[in-house]
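The chain contents come next:
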Amino acid sequence: MDKQIIKTVIAEKQQQIGKTKLLQRAGHFDEHSCYVLVGIRRSGKSYTLYQDMQAKLSAGKATHEDFLYINFEDERLASIKSEELGLLLDAYCEMYDQKHPLIYLDEIQNIAGWEKFARRLAEEKRQVMITGSNAKMLSREIASTLGGSYIQCNIYPFSFEEYLNYYGIQLDKNWTFQPDIRLTVLRHFNEYFYRGGFAESFDKTDKREWLTSLYQKILMGDIVERNKIRNPRIFRLLARKLADSVMQPTTLKRLEHIIKSTGDSISPTVLKDYLDYMEDAYLIFSIPNLVSPLTEQQTIVKRYFADNGILNLFLTGGETKLLENIVAIHLNKLYPNTAEELRLFYYNKGVEIDFCIPEVNKAIQVSNSIDDLDTYEREVGGLIKFLKAYKQYQGTIITWDTERQITEDGITIEAIPVWKWLLQK
């Protein structure tokens, strides 16, 4: 790898740091820790790196020359190998007589074996922030190599509150009593509900076209090419079927039958690998049944998409699915499931509950409306039955626009509009 190319990249990025316009997102990073930021492509990981650099500039804790920022999706660095990563420091030190730059390595998962270099940086007490778009970069094996030197942070597309902030809408504590503000919030929520939270799309005239392009990059770049998949058509079919199945528990056997019905053949092992690839790319996430045996918690799950904008690419008139998906996204940010700990569940044993969070004793149903008697009896009746069995839980029904308290059999349930629920602190 030519060090002159590396020097050019370093200098260019240093000039971009102060010029990049940012909307402040929540997040604080300890100056004495190293971080790995992970999340779906274009969710804001690079944005977060720029935000951290600009914060250091504004506080007078660094100058532009203190930053060694490399984006490994830069085609000029496509040939770099893990054993050449030390050239980054060599090139920097030849440019500036400093031994300890502030190091930012973007999309480093593109370099096989990157973790050994990252560990060396941490052991040398350097300040490092790394980003990646694949969950495998934090697999047990890689985490073992890193030796616990890095703190993991999940980066998500914009929340609804961040979306409003983007458009300069600040809400005071009494905003719900102000009709003009409520109408403004509802208008923006309608757009956010269908188009999602990828900030780069907000100013696009054709947001759907941008989201389609993003989905193709995730599918082909982060899944098919990375995992050397020979038949991407199966992935396209699988994504469509998962979109159709949002809200419903799905088994590997059912998905296998669906794919075989189209004339393709796939084994359960390969199908599971394909689903894992989708989760590794943060395209989807899954939640298990609270009362399933441990083995079934891996095979019978509800799967949701990481952003409503991407899910909506597959749907026509899919408001009910989008509503439950947007609730799942918000809960997944608050209570993410990991390989080490399950926090977010659904419940299905005699009664169906959309979401259960045992650590805070909350049970949540999602329904567009509960005005219809049959829907009311199914959603409210099911939740009351659950709350009688699990008396420590509190019940909530999230709807499109219903807001009231429901009391039956001594049990009180809160019904709340989704746009208001998303803005609760």
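Residues numbered from 1 in each chain as written. Predicted model: local features only at pLDDT ≥ 70, side-chain atom pairs only at ≥ 80, totals over all residues. Heavy atoms only, no water.

Before going further, it helps to examine the pairing of strand β13 (residues 404-408). The side chains of a regular strand alternate between the sheet's two faces. Pairing geometry for β13 and strand β14 (residues 411-417), over 5 bridges, is antiparallel. Residue pairing in the sheet places Q405 in a bridge with E414 of β14. Hairpin remark: β13 followed by β14, antiparallel, with 2 residues in the connecting loop; positive phi at D409, about 55°. (Pairing = 2+ DSSP bridges. Helix = DSSP H or I, 4+ residues; strand = E, 2+ residues; numbered from the N terminus.)

Of all residues except glycine, most have a negative phi; of all peptide bonds, most are trans. The backbone of K125 sits at a positive phi, close to 65°, despite the residue not being glycine. One can find K125 in the loop between α4 (114-123) and β4 (128-132). Residue K125 is classed as exposed on the basis of its relative accessible area, which comes to 72%. Backbone geometry at M247 places phi at a positive 95°, although glycine is not the residue there. One can find M247 in the loop between α9 (232-244) and β6 (250-251). (Buried < 20%, exposed > 50% of the residue type's maximum accessible area, 1.4 Å probe, protein only.)

To continue, consider the packing of aromatic side chains. Counting across every chain of the model gives 33 aromatic pairs. Judged by centre distance (6.5 Å) and plane angle (20°), the ring pair of F235 and Y277 falls under stacked. Here F235 is found in helix α9, whereas its partner Y277 is found in helix α11 (residues 268-280), with 42 residues between them in sequence. Accessibility expressed as a relative area gives 0% for F235, which makes it buried. With centroids separated by 5.7 Å and ring planes inclined at 40°, the aromatic side chains of Y304 and F355 adopt a geometry described as tilted. Here Y304, found in strand β8 (residues 300-305), pairs with F355, found in strand β10 (residues 352-357); they are 51 residues apart in sequence, far enough to count as distant. With respect to class, Y304 is no different from F355; both count as buried. Aromatic rings pair up to connect Y47, F158, F160, Y163, Y166, Y167, F189, Y192, F193, Y194, F202 and W400 into one cluster. The positively charged end of K302 is found above the aromatic ring belonging to F355, 5.5 Å away from the centroid. (Phe/Tyr/Trp six-rings, centres within 6.5 Å; stacked < 30°, edge-to-face > 60°. Lys NZ or Arg CZ within 6 Å of the ring centre and 35° of its normal.)

The strand order across the open sheet built from 6 strands is β9-β10-β11-β12-β14-β13, with neighbouring strands paired in mixed fashion. Each edge of the sheet is formed by a strand with only one pairing partner; in this case those strands are β9 (345-348) and β13. Pairs of neighbouring strands in the sheet enclose a mean axial angle of 30°, with direction left out of account. Pairing analysis gives 3 bridges linking β10 to strand β11 (residues 362-366), with the strands arranged antiparallel. Among the inter-strand pairings, F355 is bridged to a residue of β11, identified as I364. Its contacts with the sheet put helix α13 (residues 319-334) on β10, β11 and β12 (394-399), and the angle it makes with β10 is roughly 20°. (Axes fitted to C-alpha atoms, helices over the stretch in contact; angles between N-to-C directions. Contact = heavy atoms within 4.5 Å.)

Moving on: the packing of helix α3 (residues 86-95) against α4. Contact pair α3 / α4: the axes reach a minimum separation of 10 Å and the direction vectors enclose 50°. Taken as axis vectors, α3 and α4 run oblique relative to one another. Contact residues: G86, L88 and L89 in α3; F117, R120 and L121 in α4. Of the residues in the contact of α3 with α4, the class split is 4 nonpolar, 1 polar and 1 charged. (Parallel < 35°, antiparallel > 145°, perpendicular 65-115°, else oblique. Nonpolar A, V, L, I, M, F, W, Y, C, P; charged D, E, K, R; others polar.)

Below, the discussion takes up the sheet that holds β6. Strand order in the open sheet formed by 3 strands is β6-β8-β7, and the pairing between neighbours is antiparallel. With one partner strand each, in any of the chains shown, β6 and β7 (284-288) form the two edges of the open sheet. Alignment of β7 against β8, held across 5 bridges, turns out to be antiparallel. Counterpart to I287 in the pairing with β8 is K302. In the packing of α11 onto the sheet, the strands contacted are β7 and β8, and the crossing angle to β7 comes to about 110°.

In terms of nonpolar packing, the biggest core is built from 107 residues, with L88, L105, I130, Y150, F160 and F355 touching the most fellow members. Not counting the four nearest positions on each side in its chain, Y150 is found in contact with C34, Y35, V36, A118, R119, L121, A122, V128 and I130. Membership of the second largest hydrophobic core comes to 19 residues, among which are F345, F386, Y393 and I413. (Core = buried A, V, L, I, M, F, W, Y, C linked by side-chain atoms within 4.5 Å.)

Looking now at α4. If you check which residues of α4 are buried, you get W114, E115, F117, A118, L121 and A122. Summarising the axial view, the buried residues of α4 lie within an arc of 160°, below the 170-degree limit, and thus occupy one face. Those residues of α4 that are exposed and angled more than 90 degrees off the buried face are K116 and E123. At the C-terminal side of α4, K125 shows a positive phi close to 65°. (Arc of directions from axis to C-beta.)

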